[in-house]
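# A look at the structure
Each chain, written out:
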There are 4 protein chains.
Amino acid sequence: MSQYQHIKQKAYEANMQLPKLGLVLFTFGNVSAADRELGVFAIKPSGVPYEELTPEMMVIVDFDGKTVEGSKRPSSDTQTHAVLYKKWPKIGGIVHTHSTFGTAWAQSQRAIPIFGTTHADHLTCDIPCAPPMSDEMIQGNYEYETGFQIINHFESQDLDYEEVEMVLVGNHAPFTWGKTADKAVYNSAVLETVAHMAYLTEQINPNAPRLKDALVKKHYERKHGPDSYYGQS
Amino acid sequence: MSQYQHIKQKAYEANMQLPKLGLVLFTFGNVSAADRELGVFAIKPSGVPYEELTPEMMVIVDFDGKTVEGSKRPSSDTQTHAVLYKKWPKIGGIVHTHSTFGTAWAQSQRAIPIFGTTHADHLTCDIPCAPPMSDEMIQGNYEYETGFQIINHFESQDLDYEEVEMVLVGNHAPFTWGKTADKAVYNSAVLETVAHMAYLTEQINPNAPRLKDALVKKHYERKHGPDSYYGQS
Amino acid sequence: MSQYQHIKQKAYEANMQLPKLGLVLFTFGNVSAADRELGVFAIKPSGVPYEELTPEMMVIVDFDGKTVEGSKRPSSDTQTHAVLYKKWPKIGGIVHTHSTFGTAWAQSQRAIPIFGTTHADHLTCDIPCAPPMSDEMIQGNYEYETGFQIINHFESQDLDYEEVEMVLVGNHAPFTWGKTADKAVYNSAVLETVAHMAYLTEQINPNAPRLKDALVKKHYERKHGPDSYYGQS
Amino acid sequence: MSQYQHIKQKAYEANMQLPKLGLVLFTFGNVSAADRELGVFAIKPSGVPYEELTPEMMVIVDFDGKTVEGSKRPSSDTQTHAVLYKKWPKIGGIVHTHSTFGTAWAQSQRAIPIFGTTHADHLTCDIPCAPPMSDEMIQGNYEYETGFQIINHFESQDLDYEEVEMVLVGNHAPFTWGKTADKAVYNSAVLETVAHMAYLTEQINPNAPRLKDALVKKHYERKHGPDSYYGQS
């Protein structure tokens, strides 16, 4: 049995959550799960329908994007995953989807404004939108550069990847991550819901104000601060 | 067996209605069911996924918000429930959700205008929207103050909690209540549908007028007046 | 066994289609099925949830709105059904729903413009919207007058109830009918889909033109004219 | 057993995908599957509900639109399919639906702008919208002329049917095609999703720019170019 079986299983289960949560059509999405000690991640093979997927099909790739184990070609977005794992040492799972509302905001090239507590329960700022890449980046190693585009945007905006676990790539679609693959999938569903609500909010009130600072702080700390009191400890 | 088993069961069943009605994502909602004679209510534990919930997990809390029985931490919104039960003696159930359309109106900080008979079958005025709380209230006992914000808004608008069984909290999300937990869940679904229809109505006709008084009165009295003739008596 | 068993069964089956087609929340809808020779119709009892409904619960009512058989109170909209059956001799089934998009157009007090062939396959004009009733009508026998409001609107607009099998009642919601209860349910689903598409069409192109006459005529005649060639003959 | 059994089976299975993918209400859609060597295609019979459909009911038609085998009347859109098969020698399947968002764009008489990579993964230009037909064409052999309207629009816009496998017919609805019936169904679902996202994009940002050329090229070539690296080879 493969020494990577545990992350193949995790990646498989997390991938199978995407269609259940209504976040993918056909094969338009992928999840990976990393083992930091072994320095590798398991990722969905490219273009395989969810109903045919098995844990054994997951491809094992290292943080330089080199395939380590597996007979299938890994997701075409593998290099983006690899770059994020390499640069951000504390993430254990990554998700990419073309979920409808998240993708519409990405196509609009706008960050998703923080309008309410549903958003503030998960992050304290707008959901960032990295600008479309330069032509040079696109014509080079595209998926590799996509990872850098995300990292560069976080640096230029002074964002912390441990606090903001999601991003839109302009003209493209969302990426999310987390300490585990399951948490990254959870973040994808949160992003889609928040994107839906923010869209409706602007339609109902084009002058809707951003959430006030006191509420942003309160809600985030309920779930994440040192004195958090959400969930079972 | 617990003397509170009957309300644990009621609260459990009412909570399980929320995902079936499409009103919650993950754990973004909670229902409580009260026993007025015993002076307590049963409420969902914080952060437990619906698929893992059992009646035994429900936490028993008194109307001052003190846990009376249960090994789990109660919902982070427990103090809001406690305040409403304490101030409004005739309610037996409370629901809080982040349902998509209701939350979008809350984020828009607008009451939902009464545009049609679907709305008037349930209440005779706009669905009220309490303004966001002051920074002092937020930084104090937040969930406790959320309850007061709702009660204060009802008092300032001269609303009767027995006639208007729902409210939006500005920037946050809906709360509903009723004589029973089941009725409160029913009201949550009604609010979401009315919120959806009102949003569409303004999109289709930005000058759509409010429902005329004669229709408001007629429809409400069909279902609620002394001569009501809806349902089986 | 009741001599009305056949229409009780038909009405039951047609009512059960409404939740399957996503046209009702809770009990917000009703279907009736008539027997023209016996001069009666079977209709859903008021306020009974669909999951508890049985054929035996259907109430038999004559065309003056008088209950002929059944232990339950008939739908609160029964008088509207009775008036339509009495005035329009060739209809065998009637449906009332508060389906989301249809109701939003009714609340907007606008007829649904004929924008495409999906609409023209079923009727050759806008889906009419009867204006809200006068206060006198509302305060009188409301449901009875609702039927007359529909009939009056058809007369004033010179519409033929055999060609146009659907209407919006302003501020209220849709009514549809047909030669059978099944056809009336079919029309309710068509109305909801056409209402959804027309809403989107105006959002995408506020200047979208109505369908040209040649296409209106062609599509309607494909399905309904003397030389129709849709379906199996 | 019929010598056409293989395409009857293919057409049947492809037709049954439409309701599963949420692309049709009732019978508002049809799929055909061709055998190029035999010079015929199998198509859904007209007006038969999907739940009653069997492979044996499929009608075999030649590329001049003449029925070759089958006891049922073929889809009313059969002549459109025949024209496309005759003029475009490399397509093996065709789909027609009235899917909600695609039809709304058709009713708006607008091509769907290319706003993002979800679109560019499948085609490198806007999804074309053929103008409504002239009155002469409509009053003539309507379905036959619909095929020509599509072909004429592709010629006038210098589009290649092997690269652009989908079109909107103005005021009507989408048609898609592909090397196989399955691929044509896949394209119908892609069109609907892209139509939904493009609608939302314009609502969120009325000034959203089209996708830049470098991204259009990159994404299309990932899936379709000589060096494509999506999917399993």
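Residues numbered from 1 in each chain as written. Chains lettered and ligands numbered in written order. Predicted model: local features only at pLDDT ≥ 70, side-chain atom pairs only at ≥ 80, totals over all residues. Heavy atoms only, no water.

In the nomenclature of an unreviewed UniProt entry, chain A is known as L-ribulose-5-phosphate 4-epimerase of Mucilaginibacter psychrotolerans.

## Considering the overall build of chain A
If you tally the helices and strands in chain A, you get 8 helices and 8 strands. Against the compact-globule benchmark of 17 Å for 233 residues, chain A has a radius of gyration of 17 Å, which places it among compact chains. Each principal axis of the C-alpha distribution contributes one length, and for chain A these read about 55 × 45 × 35 Å. For chain A, buried positions account for 63% of its 233 residues. For chain A, the exposed surface amounts to about 8,700 Å²; the carbon and sulfur share of it is 47%. (Helix = DSSP H or I, 4+ residues; strand = E, 2+ residues; numbered from the N terminus. Rg over C-alpha atoms; globule rule 2.2 N^0.38 Å. Buried < 20%, exposed > 50% of the residue type's maximum accessible area, 1.4 Å probe, protein only. Areas by Shrake-Rupley, 256 points an atom, 1.4 Å probe, with all protein chains shown as cover.)

## Quick notes on the pattern of salt bridges
Inspection of every chain in the model, using the stated rule, returns 40 salt bridges over all chains. Notably, a salt bridge pairs Arg222 of chain D with Asp77 of chain A, separated by 3.4 Å at the nearest N-O pair. Separated into two different chains, Arg222 of chain D in helix 8 (residues 213-224) and Asp77 of chain A in the loop between strand 4 (67-69) and helix 2 (78-87) make up a pair that spans both. On the basis of relative accessibility, which here comes to 5%, the residue Arg222 of chain D falls in the buried class. As a salt-bridge pair, Glu165 of chain A and Lys183 of chain A come within 2.9 Å of each other at their nearest N and O atoms. Of this pair, Glu165 of chain A sits in the loop between helix 6 (142-156) and strand 7 (166-169) while Lys183 of chain A sits in helix 7 (residues 181-204), placing them 18 residues apart in sequence. Residue Lys183 of chain A is classed as partly exposed on the basis of its relative accessible area, which comes to 28%. Connected via shared salt-bridge partners are Asp77 and Glu143 of chain A together with Arg222 of chain D. (Salt bridge = Lys/Arg side-chain N within 4 Å of Asp/Glu carboxyl O.)

## Looking at the sheet that holds strand 2 (residues 40-43) of chain A
Residues and elements named next belong to chain A. The strand order 4-3-2-1-5-8-7-6 describes an open sheet built from 8 strands, whose pairing is mixed. In the strand order of this sheet, the two ends are held by strand 4 and strand 6 (129-130), each with one partner. Where strand 2 and strand 3 (residues 59-62) come together, 4 bridges link them in antiparallel fashion. Directly across from Ile43, in strand 3, lies its bridge partner Val59. In the packing of helix 1 (residues 5-20) onto the sheet, the strands contacted are strand 1 (29-35), strand 2, strand 3, strand 4 and strand 5 (93-97), and the crossing angle to strand 1 comes to about 155 degrees. Those strands touched by helix 3 (residues 100-107) are strand 6, strand 7 and strand 8 (174-178), and its axis lies near 55 degrees from that of strand 7. (Pairing = 2+ DSSP bridges. Contact = heavy atoms within 4.5 Å. Axes fitted to C-alpha atoms, helices over the stretch in contact; angles between N-to-C directions.)

## Some thoughts on the relation of the copies chain B and chain A
Mapping chain B onto chain A calls for a screw motion: a turn of 90 degrees about the axis and a shift of 0.0 Å along it, with 0.0 Å RMSD after fitting. Here the two chains are linked by the operation of a four-fold rotation axis. It is Gln203 of chain B whose C-alpha, among those of chain B, lies nearest the rotation axis, at 5.8 Å. Interface residue correspondence from chain B to chain A reaches only 5%, placing this contact among heterologous pairings that use different surfaces. (Least-squares fit on C-alpha atoms with pLDDT ≥ 70 in both.)

## What about the arrangement of the chains?
As for chain C relative to chain A, no contact occurs, and the smallest C-alpha gap between them is 12 Å. Contact between chain B and chain D is absent, and the least distance between their C-alpha atoms amounts to 12 Å.

## Observations regarding the interface of chain B and chain A
Of the residues lining the interface, 37 residues belong to chain B; the matching set on chain A comes to 36 residues. Across the chain B/chain A interface, buried area totals approximately 3,100 Å², and carbon plus sulfur atoms make up 56% of it. Counting the surface chain B buries against chain A, the share from its top three residues, Arg73, Gln107 and Asn171 of chain B, is 20%. The interface formed by chain B and chain A contains 3 salt bridges. Inspection of the chain B/chain A interface yields 22 residue pairs in polar contact (both at pLDDT 80 or more). Broken down by secondary-structure element, the contributors of at least two residues to the side of chain B that touches chain A are helix 3 (100-107), helix 5 (135-139), helix 6 (142-156) and helix 7 (181-204) of chain B. (Buried area = accessible area lost by both parts, 1.4 Å probe. Polar contact = N/O pair within 3.5 Å; in protein donor to acceptor, adjacent residues only side chain to side chain.)

## Some points on the packing of helix 3 (residues 100-107) of chain D against helix 7 (residues 181-204) of chain D
Between two packed helices, the angle of one axis relative to the other and the distance separating the axes together describe the packing. All names here are of chain D. Running from N to C, helix 3 and helix 7 point in directions that differ by 60 degrees, and their axes come no closer than 7 Å. Between helix 3 and helix 7, the angle is such that the two are oblique. In the crossing of helix 3 with helix 7, the sense of the turn from one axis to the other is left-handed. Of the residues in helix 7, those in contact with Thr100, Phe101, Gly102 and Trp105 of helix 3 are Leu191, Glu192, Ala195, His196, Ala198, Tyr199 and Glu202. Looking at the contact of helix 3 with helix 7, its residues break down into 6 nonpolar, 3 polar and 2 charged. (Parallel < 35°, antiparallel > 145°, perpendicular 65-115°, else oblique. Left-handed = near helix turned anticlockwise from the far one by under 90°. Nonpolar A, V, L, I, M, F, W, Y, C, P; charged D, E, K, R; others polar.)

## Focus: the relation of the copies chain C and chain D
Least-squares fitting of chain C to chain D yields an RMSD of 0.0 Å, with the superposition described by an axial translation of 0.0 Å and a rotation of 90 degrees. An asymmetric contact is evident, with only 6% of the interface residues of chain C recurring at the interface of chain D.

## Remarks on helix 1 (residues 5-20) of chain D
All names here are of chain D. The first and last C-alpha atoms of helix 1 sit 23 Å apart over 16 residues, in line with the 22 Å expected at 1.5 Å per residue. For helix 1, the full list of buried residues reads Gln5, Ile7, Lys8, Ala11, Tyr12, Ala14, Asn15 and Leu18. Buried residues belonging to helix 1 abut strand 1 (29-35), strand 2 (40-43), strand 3 (59-62), strand 4 (67-69), strand 5 (93-97) and helix 7. One or two positions beyond helix 1, positive phi appears at Gly22, with a value near 70 degrees. (Expected span 1.5 Å × (residues − 1).)

## A word on the nonpolar core
By size, the foremost hydrophobic cluster in this structure holds 224 residues, and its most contacted members are Trp177 of chain A, Trp177 of chain B, Trp177 of chain C together with Trp177 of chain D. For this core, the element with the most residues is helix 7 of chain B, which contributes 13 residues. (Core = buried A, V, L, I, M, F, W, Y, C linked by side-chain atoms within 4.5 Å.)

## Notes on the interface of chain C and chain D
The partner chain D presents 37 residues to the 36 residues of chain C that form the contact. Both faces considered, chain C and chain D share a buried interface measuring about 3,100 Å² in area, 56% of it formed by carbon and sulfur atoms. Taken together, the links from chain C to chain D amount to 3 salt bridges. With a closest N to O distance of 2.6 Å, Arg222 of chain C and Glu143 of chain D form a salt bridge. Sorting the residues of the side of chain C that touches chain D by element identifies helix 4 (117-120), helix 7 (181-204) and helix 8 (213-224) of chain C as the ones contributing at least two each.

## Digging into the pairing of strand 2 of chain D
Residue and element names in this part refer to chain D. A two-sided burial pattern is seen for strand 2, the buried positions comprising Val40 and Ala42 on one face and Phe41 and Ile43 on the other. Bridging between strand 1 and strand 2 involves 4 bridges; their strand directions are antiparallel. Residue Ala33 lies in a different strand from strand 2, and its bridge partner there is Ala42. Counting the residues that bridge the hairpin from strand 1 to strand 2 gives 4 residues, and of these Gly39 lies at a positive phi of roughly 70 degrees.

## A short note on the layout of surface pockets
Residues and elements named next belong to chain B. A volume near 1,400 Å³ is recorded for the second largest pocket. Counting residues per element, the ones that place at least two in the lining of the second largest pocket are helix 1 (5-20), helix 7 and helix 8 (213-224). Examining the composition of the lining of the second largest pocket, we find that 10 residues originate from one element, helix 7, more than from any other. Residues belonging to the lining of the second largest pocket are distributed by class as follows: 20 nonpolar, 15 polar and 11 charged. (1 Å grid on protein atoms, 1.4 Å probe; cavity = no way out; pocket = protein on both sides within 12 Å on 5 of 7 lines; lining within 4 Å. Points joined across faces, edges and corners; volume = space filled by probe spheres on them.)

## With respect to the side chain of Thr27 of chain D
With respect to the helices and strands, the residue Thr27 of chain D is situated in the loop between helix 1 and strand 1. Not counting residues within four places of it along the chain, the set of residues in contact with Thr27 of chain D comprises Tyr230 of chain C together with Lys44, Gly47, Val48, Pro49 and Tyr50 of chain D.

## Remarks on helix 2 (residues 78-87) of chain B
Residue and element names in this part refer to chain B. Counted residue by residue, helix 2 has 7 buried out of 10 residues, so it is predominantly covered. Among the residues of helix 2, Thr78, Thr80, His81, Ala82, Val83, Leu84 and Tyr85 are the ones counted as buried. Residues of helix 2 that are buried sit in contact with strand 1 (29-35), strand 2 (40-43), strand 3 (59-62), strand 5 (93-97), helix 6 and strand 8 (174-178).

## Considering the sheet that holds strand 1 of chain D
Residues and elements named next belong to chain D. As summarised here, the arrangement of the 8 strands in space is 4-3-2-1-5-8-7-6, forming an open sheet in which the pairing is mixed. Each of the sheet's edge strands pairs with one partner strand only, and the pair in question is strand 4 and strand 6 (129-130). As judged from the 5 bridges shared by strand 1 and strand 5, these two strands associate in the antiparallel manner. Counted as the bridge partner of Asn30 is His96 from strand 5. Across the sheet, helix 1 lies against strand 1, strand 2, strand 3, strand 4 and strand 5, angled at about 155 degrees from strand 1, the strand it touches most.

## Section: the UniProt feature "domain: Class II aldolase/adducin N-terminal" (unreviewed entry) in chain A
Here, UniProt's "domain: Class II aldolase/adducin N-terminal" (unreviewed entry) annotation points to residues 9-199 of chain A. This span, residues 9-199 of chain A, is 38% helix and 18% strand, and a straight line between its end C-alpha atoms measures 36 Å. (UniProt positions renumbered as here; feature names shortened; annotations may be inferred.)

## Considering the environment of Lys10 of chain D
One can find Lys10 of chain D in helix 1. Put simply, Lys10 of chain D and Gly93 of chain D are 83 residues apart on the chain and 9.5 Å apart in space, counted from C-alpha to C-alpha.

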